[in-house]
Amino acid sequence: METTIEQAKDGNGFSVYEWSTYPRHSVLAGQDQKRYIAHCDTLAEAKRSHPNATEGYRDACNTFNHLSAEGDY
């Protein structure tokens, strides 16, 4: 499972995210799932706590284009 470290949305510290794929029963099945797992005050702390994490923002880029207009999901 991939882990990323990025600047926190509020600009205070750093957020750590774990990446996986949404399961088959989800309306987002097969797309990237970005799950928040931790907050660290400094980048050094985040890297120390999650040494295998990649640094930098990553967007899940999920879409809903595959869903029908009828809303029968």
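Right, let's walk through the structure included here. Keep in mind it's a predicted model, so treat the numbers as computed, not measured.

For the chain, the count of helices and strands is 1 helix and 4 strands. Listing every helix and strand of the chain by position from the N terminus yields β-β-β-α-β. With respect to the principal axes defined by its C-alpha atoms, the chain has extents near 50 × 25 × 15 Å. Within the chain, the fraction of its 73 residues that count as buried is 27%. Contacts in the chain between residues at least 24 apart in sequence constitute 46% of all its contacts with a sequence separation of at least 6. A total accessible area of about 5,200 Å² is found for the chain, and carbon and sulfur atoms account for 47% of it. Across the chain, the mean location of the 7 positive side-chain charges is 5 Å away from that of the 11 negative side-chain charges.

Take the sheet that holds strand 2 (residues 14–21) next. With respect to topology, 4 strands assemble into an open sheet ordered 3-2-1-4, the strand pairing being mixed. Lying at the two open borders of the sheet, with one neighbouring strand each, are strand 3 (32–40) and strand 4 (54–55). Relative to strand 2, strand 1 (residues 2–7) runs antiparallel, the two sharing 6 bridges. Bridge pairing in strand 2 places glutamate 2 opposite tryptophan 19.

What counts, and at which threshold
- Residues numbered from 1 in each chain as written.
- Predicted model: local features only at pLDDT ≥ 70, side-chain atom pairs only at ≥ 80, totals over all residues.
- Heavy atoms only, no water.
- Helix = DSSP H or I, 4+ residues; strand = E, 2+ residues; numbered from the N terminus.
- Buried < 20%, exposed > 50% of the residue type's maximum accessible area, 1.4 Å probe, protein only.
- Contact = heavy atoms within 4.5 Å.
- Areas by Shrake-Rupley, 256 points an atom, 1.4 Å probe, with all protein chains shown as cover.
- Lys, Arg positive; Asp, Glu negative; His and termini not counted.
- Charge placed at Lys NZ, Arg CZ, Asp CG, Glu CD.
- Pairing = 2+ DSSP bridges.

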